[in-house]
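Okay, here's what each chain looks like letter by letter:
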Amino acid sequence: MVQQVNNVKSPCIIQLRYTQHPKMRLSGLQKEVLGLYRQCLRECRKKPEATRKHFQTFAREEFEKSINLDKRDFSAIEFLLRKGRRQLEMYASPGVKDIRK
């Protein structure tokens with residue numbers, strides 16, 4: 001289970017904390033999703049400071065769209081991971097300077 005932390009220091013990044021039993025481990029897919037999210041945030045840091053917030057907001061909103069997805073819906077999760085990786089590859093291109101909806 002994921003819970004939002006109230007003391008968010010950055011207004012554009014939601015900090016998440018895991019409230020799982022200490023002995024429970026993340027599944028492989030959960031690790032992949034978190035890894036993709038971290039990769040997105042790392043790529044945001046490479047963008048111009050003036051537009052960095054747009055990339056961070058876009059990444060957060062894309063992940064939040066699927067937050068209520070059943071964790072046992074493996075095909076949907078795998079599809080979204082592939083889609084996310086393709087988007088990350090496209091937006092990580094040095095030619096992409098800004099992103100807007």
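Given the structure is predicted, the values throughout are model-derived calculations rather than measurements. (Residues numbered from 1 in each chain as written. Predicted model: local features only at pLDDT ≥ 70, side-chain atom pairs only at ≥ 80, totals over all residues. Heavy atoms only, no water.)

1. A word on the overall build of the protein chain
Stage number 1. The helix and strand tally for the protein chain stands at three helices and two strands.
Stage number 2. Helices and strands appear in the protein chain in the N-to-C order β-β-α-α-α.
Stage number 3. Going through the 101 residues of the protein chain one by one, you find that 23% of them count as buried.
Stage number 4. Here the analysis covers contacts within the protein chain between residues at least 6 apart in sequence; of these, 55% occur between residues at least 24 apart.
Stage number 5. Approximately 7800 Å² of the protein chain is accessible, and the part contributed by carbon and sulfur atoms is 54%. (Helix = DSSP H or I, 4+ residues; strand = E, 2+ residues; numbered from the N terminus. Buried < 20%, exposed > 50% of the residue type's maximum accessible area, 1.4 Å probe, protein only. Contact = heavy atoms within 4.5 Å. Areas by Shrake-Rupley, 256 points an atom, 1.4 Å probe, with all protein chains shown as cover.)

2. Comments concerning the nonpolar core
Stage number 1. Counting seven residues, the largest nonpolar core consists of Leu29, Leu36, Cys40, Ala59, Ile77, Leu81 and Leu88.
Stage number 2. Elements with a minimum of two residues in this core: helix 1 (28-44) and helix 3 (74-91).
Stage number 3. In this structure, Leu29 is in contact with Phe74, Ile77, Glu78 and Leu81, ignoring residues within four places of it in sequence. (Core = buried A, V, L, I, M, F, W, Y, C linked by side-chain atoms within 4.5 Å.)

3. A short note on the confidence of the model for the protein chain
Stage number 1. Of the residues in the protein chain, 77% have a pLDDT of 70 or more, and the chain-wide mean is 83.
Stage number 2. At the low end of the mean pLDDT range in the protein chain sits strand 1 (residues 2-4), at 48; at the high end sits helix 3, at 96.
Stage number 3. For the stretch residues 8-16, pLDDT sits under 50, and the model shows 22 contacts to residues farther than four places along the chain or on other chains. (pLDDT = per-residue confidence, 0-100.)

4. Focus on the pattern of salt bridges
Stage number 1. According to the stated counting rule, one finds five salt bridges in the structure shown.
Stage number 2. Across the pair Lys46 and Glu43 runs a salt bridge, and its minimum N-O distance is 3.1 Å.
Stage number 3. Classification of Lys46 by relative accessible area gives exposed; the value is 62%.
Stage number 4. Between Glu64 and Arg60 there is a salt bridge, with its nearest N and O atoms 3.9 Å apart. With Glu64 and Arg60 both in helix 2 (residues 52-64), this residue pair falls four residues apart, about one helical turn.
Stage number 5. Given the relative accessible area of 16%, Arg60 is considered buried. (Salt bridge = Lys/Arg side-chain N within 4 Å of Asp/Glu carboxyl O.)

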